[in-house]
Protein chains: 2
Amino acid sequence: MSTTTPKVRVGIVGFGTVGRATAEILASHAPDIAERCGATLEVSAVCRRTGIPDDQRPGGARVYTDWRELVASPDVDLVVETMGGTGEARLVVSAALEARKPVVTANKNLLAAHGEELLQLAARQNLPLGFEAAVAGGIPVIRAIAEGTAGDRLRAVYGILNGTANYILTRMDADGVEFAPALAEAQRLGYAEADPTFDVDGFDARDKLAILARLAFGVRVDNTAIHTTGIRGLSAIDMAYARRLNSTIRLIGAAESTEGGLSISVRPWLVNRRSMLAKVDGVYNAVFLEGERVGTQMFYGRGAGGEPTGIAVVSDLMEIARDFAAGHLSAKTAAGFRQPRALRICAEPPPVPWYLRLIIVDKPGMLARIAGILAEHEINIDYVVQEPHQNKQRLPFVITAEPVTEPRMLQAAAAIDASGATLEPSLLLRVAS
Amino acid sequence: MSTTTPKVRVGIVGFGTVGRATAEILASHAPDIAERCGATLEVSAVCRRTGIPDDQRPGGARVYTDWRELVASPDVDLVVETMGGTGEARLVVSAALEARKPVVTANKNLLAAHGEELLQLAARQNLPLGFEAAVAGGIPVIRAIAEGTAGDRLRAVYGILNGTANYILTRMDADGVEFAPALAEAQRLGYAEADPTFDVDGFDARDKLAILARLAFGVRVDNTAIHTTGIRGLSAIDMAYARRLNSTIRLIGAAESTEGGLSISVRPWLVNRRSMLAKVDGVYNAVFLEGERVGTQMFYGRGAGGEPTGIAVVSDLMEIARDFAAGHLSAKTAAGFRQPRALRICAEPPPVPWYLRLIIVDKPGMLARIAGILAEHEINIDYVVQEPHQNKQRLPFVITAEPVTEPRMLQAAAAIDASGATLEPSLLLRVAS
């Protein structure tokens with residue numbers, strides 16, 4: 001390495017799994033990194049409120065317990081935010097940009113809550129704010145949308161955005177077990193948190209989808225406007241029915257640009273076993289893009305974990321370091337955050353086929369009542385499955401419906417539940433076409 | 001759009017499918033592109049030796065028949081090379097860089113033959129030379145390797161790199177037809193050239209693999225050192241056997257970093273029908289990366305075609321335009337081209353399982369002779385399949401072998417062919433593990 005290689009001094013705020021992985025990658029791959037970006041990246045400071053034991057401190061780095069001191073330090077050129085949360089983290093990122101220091105963040109929640117404000121600040125300061133690590137750490141999908149397909153008009157972005165939920169679905173499919181034991185196994189293996197709500201109820205996938213949709217369509221997406229259903233309502237019966245239909249079940253976040261506006265939701269889908277979606281097993285994620293010109297693209301990789309996410313942080317750091325080496329920093333565009341158009345949620349999304357599973361008491365007139373409600377909503381039944389030899393007091397009953405819009409299908413399911421014909425809330429799966 | 005948006009004037013040399021698609025995308029998506037990269041991209045000149053009819057000329061562009069005039073024109077800030085070939089194209093790219101103009105090329109052959117020289121020239125001039133479009137146009141894999149995984153150490157890069165061959169294999173599998181009619185159909189649909197050698201004999205996949213391996217491992221790869229076998233030797237029998245083994249056949253280019261050096265080859269593989277490789281149908285391509293930290297990543301999309309390739313050219317143009325807007329151009333690193341290490345081809349690659357198909361005359365002692373040759377090479381037979389009721393004069397006969405290195409398996413197959421036991425050259429498929 002030439003002695004004139006410029007040095008970029010990195011300060012890391014938040015020293016958990018991702019922060020530590022980032023420091024470790026920068027140290028162990030230093031020569032490769034310097035060769036590739038023309039600058040050395042050195043961790044000069046780390047901050048954790050509770051301090052950092054000496055044996056965990058990256059060589060040469062100063063330890064701070066107050067992030068304000070780290071951000072203000074003349075020894076820090078660039079700030080990595082890996083502390084998580086949306087309160088303090090927002091202050092860290094703003095303060096760094098105000099202090100004219102570029103920022104890399106791995107914080108999906110921060111971006112979902114305050115991305116617009118922070119990316120606009122970055123633009124005013126003409127500084128990069130990298131967030132490749134914030135969505136699907138092990139997949140460079142932010143770069144792919146922002147740069148790879150920038151000349152195309154995207155029609156849809158969808159995929160498997162939560163590794164925990166996908167792990168649980170994979171186990172339910174492979175072992176024929178119910179949701180609860182599959183969740184317990186995921187928790188035992190560290191793939192699910194003690195409070196799994198965020199992952200299994202679809203909120204994590206929803207927040208990622210909101211970011212992807214912003215980038216893909218340039219619209220302001222309010223997370224709470226996204227219809228979100230998780231996987232808690234699924235049972236072993238549903239996987240068994242899925243198998244009969246040569247399919248499996250995946251939790252999908254999908255945003256499609258339609259004439260009437262954006263159609264956007266998170267919910268479980270029934271996907272054919274021959275499809276690529278069905279091949280995405282365990283903690284892996286996959287993001288599909290559909291462009292007018294580029295056709296279908298798919299990106300697959302690990303969704304989370306310290307090391308994949310650390311690699312994504314380092315990829316942003318290297319891009320910024322290259323600009324440092326060239327003596328010139330500039331903001332990167334992030335359409336959808338910088339100057340978003342207002343979002344119009346599609347009131348009448350395109351019709352799609354559905355799987356509806358009911359648990360009913362098997363007594364005369366039940367099927368007639370359910371069929372009547374579907375008919376009232378102008379929903380055509382495609383296929384009815386009822387396993388023989390089941391408990392007549394709790395009879396699972398599956399109907400697949402011909403294509404109909406999501407709002408109409410939701411209304412029909414609600415009406416069936418309200419009619420007293422069912423013992424449990426009905427379960428809806430969108431059937432992938 | 002503000003009136004102060006900087007304008008970047010693009011000259012396109014070679015106005016075939018990709019050149020025209022590039023011009024068309026720049027024109028029809030102009031507002032989106034300007035918003036995303038902070039500069040307008042305008043085609044100010046096009047060059048084709050035979051001239052361009054007025055109705056095909058991009059609005060406002062001057063038409064040249066001599067590329068030297070286009071490159072020298074003060075109205076051209078940036079040169080796009082989409083003429084193909086390695087002779088004249090090399091001169092165009094060099095001349096543009098010498099004239100201090102950044103270049104974007106879609107030319108895989110040029111990069112394979114002269115990439116090192118041209119990227120070193122770009123580095124000396126401190127100018128970008130973009131080539132996202134040169135490998136798998138519809139997949140932003142160059143960016144993914146160069147930037148997305150730059151902080152990782154890659155162990156392997158492999159995939160389905162030729163859409164023509166994959167289309168033929170998909171037809172052979174779906175319709176049970178022989179190679180020749182599947183090729184004829186591909187030719188009729190425009191997916192295969194009149195002379196299909198480059199695609200079906202694996203040379204196109206080999207050239208792409210050489211570029212990917214350079215980027216992934218930073219080594220100088222001589223294309224002719226890559227063991228390359230295409231799909232011409234495959235017959236309907238092989239697809240039928242593959243189906244019996246719950247598998248299909250794909251042409252795979254694979255480069256793996258091993259202790260003994262790089263293991264690199266292009267050849268057909270037997271892949272399990274449940275694998276992601278088997279899901280890549282028709283003219284689609286897929287590239288897999290395996291990194292120490294990031295795990296497995298997969299990128300899927302259309303491999304060729306004017307529009308996907310045009311989008312890739314435009315993605316490079318936008319990246320450069322952003323630098324123009326910022327008032328600063330710089331070379332991008334392309335490890336493996338800039339300062340490549342010498343390649344060491346692995347003499348003793350890791351053992352893998354094999355499928356060996358022989359056509360023999362069914363007479364006494366044949367199986368003993370073949371089994372004897374395999375035993376001499378210390379190859380253990382895993383499984384033997386022989387369909388009943390076949391023509392005894394031309395009996396297809398399949399052996400799967402336990403893991404053994406490629407050189408030893410090639411030697412054994414050659415010895416069997418030389419022994420007179422077979423009526424046709426034997427066919428080898430690597431079995432994906």
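Computed from a prediction, not measured in an experiment: that's the story for all the values here.

Draft legend 1. Broad picture of the nonpolar core. Ranked by internal contacts, the top residues of the largest apolar core, which has 300 residues, are A:Ile168, A:Leu212, A:Ala213, B:Ile168 and B:Ala213. Here B:Ile168 is in contact with B:Phe179, B:Ala182, B:Leu183, B:Ala186, B:Val200 and B:Ile231, once residues within four sequence places are set aside.

Draft legend 2. Just the packing of helix H1 (residues 17–28) of chain B against helix H13 (residues 306–325) of chain B, in detail. Residue and element names in this part refer to chain B. Interaxial distance between H1 and H13 falls to 8 Å at its minimum, and their mutual angle equals 60°. Of the possible angle classes, the one that applies to H1 and H13 is oblique. Between H1 and H13 the crossing geometry is right-handed. Contact with H1, carried on its side by Thr 17, Val 18, Arg 20, Ala 21, Thr 22, Ile 25 and Leu 26, involves Gly 306, Glu 307, Thr 309, Gly 310, Ile 311, Val 313 and Val 314 of H13 and no other residues of that element. A per-class count over the contact of H1 with H13 returns 7 nonpolar, 5 polar and 2 charged.

Draft legend 3. Spotlight on the relation of the copies chain A and chain B. It takes a turn of 180° to lay chain A on chain B, together with a shift of 0.0 Å along the axis; the resulting RMSD is 0.1 Å. Those values place the two copies in the arrangement expected of a two-fold rotation axis. If distances are taken from each C-alpha of chain A to the rotation axis, the shortest is found for A:Phe299, at 2.3 Å. Of the residues that chain A buries at the interface, 100% are likewise interface residues in chain B, meaning the two copies contact each other through the same surface.

Draft legend 4. Broad picture of the interface of chain A and chain B. Opposite the 43 residues of chain A that make contact, chain B presents 43 residues. Those elements that place two or more of their residues in the side of chain A that touches chain B are helix H2 (30–37), helix H6 (141–148), helix H12 (276–279), strand E12 (295–302) and helix H13 (306–325) of chain A. The leading source of residues in the side of chain A that touches chain B is E12(A), at 8 residues. Here the residues of the side of chain A that touches chain B sort into 18 nonpolar, 14 polar and 11 charged. In this sheet, strand E13 (residues 295–302) of chain B lies alongside E12(A) in antiparallel orientation, the contact comprising 3 bridges. If you follow A:Tyr300 over to E13(B), its bridge partner there is B:Met298.

The rules behind these values
Residues numbered from 1 in each chain as written. Chains lettered and ligands numbered in written order. Predicted model: local features only at pLDDT ≥ 70, side-chain atom pairs only at ≥ 80, totals over all residues. Core = buried A, V, L, I, M, F, W, Y, C linked by C-beta atoms within 7 Å. Buried ≥ 20, exposed ≤ 12 C-beta atoms within 10 Å, placed from the backbone. Contact = placed C-beta atoms within 7 Å. Axes fitted to C-alpha atoms, helices over the stretch in contact; angles between N-to-C directions. Helix = DSSP H or I, 4+ residues; strand = E, 2+ residues; numbered from the N terminus. Parallel < 35°, antiparallel > 145°, perpendicular 65-115°, else oblique. Left-handed = near helix turned anticlockwise from the far one by under 90°. Nonpolar A, V, L, I, M, F, W, Y, C, P; charged D, E, K, R; others polar. Least-squares fit on C-alpha atoms with pLDDT ≥ 70 in both. Pairing = 2+ DSSP bridges.

The values are spatial; any link to function lies outside them.
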